[in-house]
Amino acid sequence: MQKYFFYAFFLFFFACYSCSSDKESSVASPDGALTVKLFANTEGHLLYQVLKNNEVVIQPSRLGIIREDADFAAGLEITGFSEISEVEDSYTLAVRKKEKYSYKANQLSVSVKNAGGEQMDVIFQVSNTGVAFRYYFPTENTEVKKITNEITAFAFSTDSKAWLQPCAHAKSSWGNANPSYEEYYQQNIPVGTATTEAGWVFPALFKTGNNWVLISEVGLERNYCASRLHAQSPNGVYEIDFPQDKEVVYTGELFPESTLPWYSPWRIIVVGSLADIVESSLGTDVAKPAIAGDFSWVKAGRASWSWVLLKDEATVFPIQQQFVDYASDMGWEYCLVDGYWDTQIGYEKIQELIDYANTKNVKIILWYNSAGDYNTTPITPKSALVTHEDRIKEFTRIKNMGVAGIKVDFWGGDGQSVMNHYNDLLTDAAQVGLMVNCHGSTLPRGIHRTYPNLVSMEAIKGMEFLTFDQNNTNVQPEHCAMIPFTRNVFDPMDFTPVCFGEIPNLKRVTSNGFELALAVLFQSGVQHYAEIPQVMDSVPAYVKQTMKDIPAVWDETKLIDGFPAEFVVMARRAGSKWFIGGINALKSNKKITIDLASFNKNKGTLITDGSTNREFAQSDINLGENKTIEVDMKPNGGFV
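For the structure given in this document, a descriptive report is provided here.

Definitions and cut-offs
- Residues numbered from 1 in each chain as written.
- Predicted model: local features only at pLDDT ≥ 70, side-chain atom pairs only at ≥ 80, totals over all residues.
- Heavy atoms only, no water.
- Pairing = 2+ DSSP bridges.
- Helix = DSSP H or I, 4+ residues; strand = E, 2+ residues; numbered from the N terminus.
- Axes fitted to C-alpha atoms, helices over the stretch in contact; angles between N-to-C directions.
- Contact = heavy atoms within 4.5 Å.
- 1 Å grid on protein atoms, 1.4 Å probe; cavity = no way out; pocket = protein on both sides within 12 Å on 5 of 7 lines; lining within 4 Å.
- Points joined across faces, edges and corners; volume = space filled by probe spheres on them.
- Nonpolar A, V, L, I, M, F, W, Y, C, P; charged D, E, K, R; others polar.
- Buried < 20%, exposed > 50% of the residue type's maximum accessible area, 1.4 Å probe, protein only.
- Polar contact = N/O pair within 3.5 Å; in protein donor to acceptor, adjacent residues only side chain to side chain.
- Expected span 1.5 Å × (residues − 1).
- Disulfide = S-S within 2.5 Å.
- Phe/Tyr/Trp six-rings, centres within 6.5 Å; stacked < 30°, edge-to-face > 60°.
- Lys NZ or Arg CZ within 6 Å of the ring centre and 35° of its normal.
- Salt bridge = Lys/Arg side-chain N within 4 Å of Asp/Glu carboxyl O.

### Thoughts on the sheet that holds strand E26 (residues 454-457)
Line of reasoning, step 1. The seven strands lie next to each other as E26-E25-E24-E23-E22-E21-E27, forming an open sheet whose pairing is parallel. Looking at strand neighbours, the two that pair on one side only are E26 and strand E27 (526-528), the edges of this open sheet. Taken over all neighbouring pairs, the strand axes of this sheet differ in orientation by 25° on average, direction set aside.
Line of reasoning, step 2. Here strand E22 (residues 334-337) runs beside strand E23 (residues 363-369); their pairing, made up of four bridges, is parallel. Residue valine 337 lies in a different strand from E23, and its bridge partner there is leucine 366.
Line of reasoning, step 3. Contacting strand E21 (301-305), E22 and E23, helix H5 (residues 317-330) runs over the sheet at an angle of about 155° to E22.

### Re empty space enclosed by the protein
Line of reasoning, step 1. For the structure shown, the criterion picks out four cavities of 30 Å³ or more.
Line of reasoning, step 2. A breakdown of the residues in the lining of the largest cavity according to their chemical character gives six nonpolar, five polar and two charged.

### Looking at the side chain of threonine 557
Line of reasoning, step 1. Tracing the backbone through its elements, the reader meets threonine 557 in strand E28 (residues 556-563).
Line of reasoning, step 2. On the basis of relative accessible area, threonine 557 is assigned to the buried category, the value being 9%.
Line of reasoning, step 3. Looking at threonine 557, its side chain comes within polar contact range of the main-chain oxygen of lysine 97, at 2.7 Å.
Line of reasoning, step 4. Among the polar contacts made by the side chain of threonine 557, one reaches the side chain of arginine 572 at a distance of 3.0 Å.
Line of reasoning, step 5. When residues no more than four places from it in sequence are discounted, the contact partners of threonine 557 are Lys97, Glu279, Met570, Ala571 and Arg572.

### A look at helix H9 (residues 416-432)
Line of reasoning, step 1. With 17 residues, H9 extends 25 Å from end C-alpha to end C-alpha; this agrees with the ideal 24 Å at 1.5 Å per step.
Line of reasoning, step 2. Of all 17 residues making up H9, 14 are buried, and the element is well covered by its neighbours.
Line of reasoning, step 3. Backbone geometry just after H9 places glycine 433 at a positive phi near 100°.

### With respect to the state of the cysteines
Line of reasoning, step 1. Applying the stated rule across the entire model yields zero disulfides.
Line of reasoning, step 2. Lacking any disulfide linkage, cysteine 225 is separated from the closest cysteine sulfur, that of cysteine 167, by 12 Å.
Line of reasoning, step 3. There is no disulfide at cysteine 335, and the cysteine sulfur nearest it, in cysteine 499, is 18 Å away.
Line of reasoning, step 4. Here cysteine 335 falls in the buried class, since its relative accessible area comes to 0%.

### Section: the pairing of strand E30 (residues 577-584)
Line of reasoning, step 1. Most of E30 sits out of view: seven of its eight residues are buried.
Line of reasoning, step 2. Pairing between strand E29 (residues 567-574) and E30: eight bridges, direction antiparallel. Across the sheet, alanine 571 pairs through a bridge with isoleucine 580, a residue of E30.
Line of reasoning, step 3. What sits between E29 and E30 in their antiparallel hairpin is a turn of two residues, with glycine 575 showing a positive phi close to 65°.
Line of reasoning, step 4. As paired elements, E30 and strand E35 (residues 638-639) share two bridges and run antiparallel to each other. Paired with glycine 582 across the bridge in E35 is phenylalanine 639.

### Some points on the packing of aromatic side chains
Line of reasoning, step 1. The full count for this structure, using the stated rule, is 32 aromatic pairs.
Line of reasoning, step 2. Both rings, one in tryptophan 305 and one in tryptophan 307, keep their centres 6.1 Å apart while their planes meet at 25°; by these two values the pair is stacked. Accessibility assignment for this pair places tryptophan 305 and tryptophan 307 in one class, buried.
Line of reasoning, step 3. Ring centres 4.7 Å apart and planes at 70° place the aromatic pair tryptophan 578 and phenylalanine 599 in the edge-to-face group. Separated by 21 residues along the polypeptide, tryptophan 578 in strand E30 and phenylalanine 599 in the loop between strand E31 (590-595) and strand E32 (603-609) bring together distant segments of the chain. Phenylalanine 599 matches tryptophan 578 in its accessibility class, with the two residues each being buried.
Line of reasoning, step 4. Aromatic rings pair up to connect Phe72, Phe137, Tyr224, Phe242, Phe255 and Trp262 into one cluster.
Line of reasoning, step 5. The side chain of arginine 449 reaches across the aromatic face of tyrosine 91, ending 3.7 Å from its centre.

### Thoughts on the pattern of salt bridges
Line of reasoning, step 1. Evaluation of the coordinates by the stated rule reveals 24 salt bridges.
Line of reasoning, step 2. Aspartate 69 is paired through a salt bridge with lysine 145; the nearest N and O atoms lie 3.3 Å apart. Of this pair, aspartate 69 sits in the loop between strand E5 (65-67) and strand E6 (71-72) while lysine 145 sits in strand E11 (residues 130-150), and the two are 76 residues apart along the sequence.
Line of reasoning, step 3. Its salt-bridge partner being glutamate 352, residue lysine 349 comes within 3.0 Å of it at the nearest N-O pair. Highlighted residues: lysine 349 and glutamate 352, both in helix H7 (residues 347-359), separated by three residues, approximately one helical turn.
Line of reasoning, step 4. Classification of lysine 349 by relative accessible area gives partly exposed; the value is 32%.
Line of reasoning, step 5. Judged by relative accessible area, which is 39%, glutamate 352 ranks as partly exposed.
Line of reasoning, step 6. Through salt bridges with shared partners, a single ionic network connects Arg67, Asp69, Glu118, Glu143 and Lys145.

This is the structure:
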């Protein structure tokens, strides 16, 4: 949506404004390092400011909502602040990057009334590394209210830098299937850089002063659309923007509408070091807890998958049977059968495949096209999941056949009707007992906490794009070194990594060590691997065993070192075993010193690139008093 900057003059001279009201308050994090200040100016604009150790991170920035029936953005009067209260939560996730999640924050609410005397609250929660806030209309009213604009802003100093992903125009590209969050991040750009009309998607990464900042939102409720950052950000002031007009499905709601009372989604700001960013769980900490039900049947795991390298022609019974055998040989839990299975295999033979897979201790996941008439994608089965009745009928049928989960592709953007479609489908799948992976989709925004049967979402320019043209393969190193700092921080991501062989008709520029490291660096509830069985059988036995050993569920995650789009080294623990993976996207060698003292291990195995980028080298790690090791990563190379 193209937002009108009716207060552009105000933004341009932001530094000239000061708080003239004595009604102001602040709330600090439990450790006192992070502070949010709240106040109003003489124009009746509600503002907030974020500081870390007294350094300004977010400059005074506007808050507000404009509804069709009322303006809550200007002419506001602060009527009071709540007492500061403590918020604590602990939880576990079926799809996770650590075993136990805990959240502790201090909460402060500010109440305002507009020119008509109507009330709105803004609720802030400040934890040690992050800020979360949302709007609340407390009045009870059964009449549907509609929001036309959200005035939330994030103002950065003009010398700040940004790492941002553009949003594709609605219904652009193949099959009119955009937006699907499948663009490349622009890296280290000056704040204020403009993009296309569709705006910048979340998560959005910034560097300001001594701090890194990651901005996103949490919650895909039925009463709000998903949002993004506006395409224009004059003087480093980024505003919330809503979807474009075409981003609707079925019932057709675009912008937020609801009866009252009404909560908006959370806006979240993680502040600190890059390690604070990567290790943060704020994107699930404030998400809505799990819906009622027993979800013990949700099992994270790994999957074989033929489509990414072999395409549609491989979705036939004999090849899918080979991929079941492949998953069984690797000890992987699943095999994904992709598009056209309904016409090229059929339900009867799918049942035969399921029965065969059961003898191999492998479960089947089936692909669906969710689009209905939203786009022109021809891949089938299509339109089988449009209505509640259709979904329950189809879900019940395949569940009774023994299907474990579904991959649902080609969603319709970020409008409120699309958010309703996600919630409806996930609810129906949970009722029947099916895991869900969404492709061609929006960002998850912590929804896997609310719906534990959601095991992954794409929302990334993944491995499949590397098979389409050489330009995509050429930029893979920088792209992959960007993802751990942005897209994959909070939410599972179905990138479908790891290719040791060659891509048909194209030249892969990453080394085999780089590809192996992606299995550690990228997190997904079901990790669908791109590599085919013939190539996996050709790699050294120790590499194949490593691919068997790397799990999909992690008990701890640490960032060791890195810089967005340049290099990244991460450590993840599963049980008592640590896996450390690193990739180098630079055109020169990158030497990394790793302190292993904190891992309480004396022995390990190092797998690096060999003499060529298609070879491996293995060495044992035996630590004495010196608990550090040095790894020299080659250009576009990596290690585990």
